Amino acid sequence: MKFLKALISWKLWLNVLLGIGLVVLGWFLIFGWLNTYTNHGRQVAVPDLSTMSVQQAMNTLQDLNLKYEIDSVKFTEDFPPFAILDYYPAAGSMVKPGRRIFIKSNPSTWRPVELPDLIDKSDRIAYTQLAMRGFFVRDTLYEEDPAKGAVLRVLFDGKEIAAGTLLPKGSYVDLVLGRGLGFDMPVPNLIDMNLTEARHTIIKQFFEMGPIQWLGDTRDTIAAKVVYQDPASTDSYDEGQPISIWLSTKTPRELSREINDLDIFFRRKMSPEDSLYYKTLERSRNIDIRDLPEEIRRTIQDDRSDPAAMNQRRPQQAPAQQQAPRPSRPAQIDTTGISIE
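Residues numbered from 1 in each chain as written. Predicted model: local features only at pLDDT ≥ 70, side-chain atom pairs only at ≥ 80, totals over all residues. Heavy atoms only, no water.

**Focus: unusual backbone geometry**
A cis geometry characterises the amide bond from Tyr-88 onward to Pro-89, with omega recorded as 0°. Within the chain, Asp-120 stands out as a residue other than glycine whose phi angle is a positive 70°. Inspection of the secondary structure assignment puts Asp-120 in the loop between β6 (112-114) and α4 (123-133). (Helix = DSSP H or I, 4+ residues; strand = E, 2+ residues; numbered from the N terminus.)

In structure tokens form, the structure reads like this:
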């Protein structure tokens, strides 16, 4: 009985009705909010972005309440800068407002690339490394340097740049290379220079410092001057070869004898006074007859008084012996047709 009374009680049915009302209200609230949040039933057509620039596409998508994400891929010269290469979803696709559109665009230029370290490397290696990075060599310049073909500097737009500098891919650079050693180059004049000046001049002219000799007893490297060099400044010499110098605190006039000896040895310069034959001949002309032995003096006096007797004492050339006549060869006999039997 209590159960039947409770079943027909108005309080029970009131609670049931309130529960059903809450469920229905919750249903409409939840699904209504979901429809609004997810834009259920609302769609937007994706516009054609292929003919637009990146800026135009951004403005168009913003007006349609569409989001976008732009990715700049590898630069290509087949399309203008900031051109749209591809996008997703495709044009005409129906999407909800707020949908993200993925765009691939062409950058304004090549992506910056680091310049490799090319200093002191050969020109062949430099060309290879530049080509691998997408660079091009516009011009090659040459400067005085012993390292032939070695890279001395890298220029971009006429200015020197260091390794690691970021340059747009496809840029043109200039290479400054060493000229190398020359042949038959003029020898610098080192006479009257001190040791420091002579060494600097030799190295600057791409020659090597040869042996250093001293003339005299004093070896003052500060006050001494170059009084002799080999090869001479009038000669031609290959770069990279040594130049020998002689230092002294004396003047070349005071060292004329030593310099003359060096000329004889290095220059092969010989005056008549330096000839042994010339000196012997001059001494013979100055011989006093009274200094000769008695026998030689008598012979000379006899020769002067009787020239004919002097000619007789000269050794006579033996007459040429007549050669005996060679025996003639026997005449050849024709043995044709003669039998030896």
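**Let's talk about the sheet that holds strand β3 (residues 84-88)**
A sheet is described by the order of its strands in space; here three strands give the open sequence β2-β5-β3, paired in mixed fashion. Of all the strands in the sheet, the pair left with one neighbour each is β2 (67-72) and β3. Adjacent strand axes in the sheet meet at a mean angle of 20°, parallel and antiparallel pairs treated alike. Sheet topology places β3 next to strand β5 (residues 100-105); four bridges connect them, and they run antiparallel. In the sheet register, Tyr-88 faces β5, and the bridge partner there is Phe-102. With respect to the sheet, helix α3 (residues 54-63) is in contact with β2, β3 and β5, its orientation differing from that of β2 by roughly 165°. (Pairing = 2+ DSSP bridges. Axes fitted to C-alpha atoms, helices over the stretch in contact; angles between N-to-C directions. Contact = heavy atoms within 4.5 Å.)

**Side note on the sheet that holds strand β9 (residues 159-160)**
Spatially, four strands are ordered β7-β11-β8-β9 in an open sheet, and the strand pairing comes out mixed. Each edge of the open sheet is held by one strand with a lone partner, namely β7 (136-143) and β9. Where strand β8 (residues 151-156) lies against β9, two bridges are found, and the strand directions are antiparallel. Opposite Leu-155, over in β9, you have Glu-160 as the bridge partner. Relative to strand β11 (residues 172-178), α4 is tilted by about 165°, and along the sheet it contacts β7, β8 and β11.

**Remarks on helix α6 (residues 256-267)**
Taken as a whole, α6 has its buried residues at Ile-259, Leu-262 and Asp-263. Taken end-on, α6 shows its buried residues confined to a sector of 105°, consistent with a single buried face. Residues of α6 that are exposed and point more than 90 degrees away from the buried face comprise Arg-257 and Phe-265. Elements in contact with the buried residues of α6: β14 (225-230) and β16 (242-248). (Buried < 20%, exposed > 50% of the residue type's maximum accessible area, 1.4 Å probe, protein only. Arc of directions from axis to C-beta.)

**Remarks on the packing of aromatic side chains**
Inspection of every chain in the model, using the stated rule, returns six aromatic pairs. On the basis of an interplanar angle of 75° and a centroid distance of 5.4 Å, the ring pair of Tyr-228 and Trp-246 is categorised as edge-to-face. Here Tyr-228, found in strand β14, pairs with Trp-246, found in strand β16; they are 18 residues apart in sequence, far enough to count as distant. You'll find Tyr-228 and Trp-246 in the same group, each marked buried. When the centroid spacing of 6.3 Å and the interplanar angle of 45° are considered together, the rings of Tyr-228 and Phe-266 count as tilted. Of this pair, Tyr-228 sits in strand β14 while Phe-266 sits in helix α6, and the two are 38 residues apart along the sequence. What makes Tyr-228 buried here is its relative accessible area of 4%. Chaining the aromatic ring pairs together yields one cluster made of Tyr-228, Trp-246, Phe-265 and Phe-266. (Phe/Tyr/Trp six-rings, centres within 6.5 Å; stacked < 30°, edge-to-face > 60°.)

**Some remarks on the pattern of salt bridges**
Inspection of every chain in the model, using the stated rule, returns four salt bridges. For the salt bridge of Glu-144 with Arg-179, the shortest nitrogen-to-oxygen distance reads 2.3 Å. Taken together, the residues Glu-144 in the loop between β7 and β8 and Arg-179 in the loop between β11 and β12 (185-186) connect sequence positions 35 residues apart. Under the relative-accessibility criterion, Glu-144 is labelled partly exposed at 47%. By relative accessible area, which is 30% here, Arg-179 ends up partly exposed. A salt bridge links Arg-179 to Glu-239, with the shortest nitrogen-to-oxygen separation between them at 3.4 Å. (Salt bridge = Lys/Arg side-chain N within 4 Å of Asp/Glu carboxyl O.)

By themselves, these figures tell us nothing about what the structure is for.
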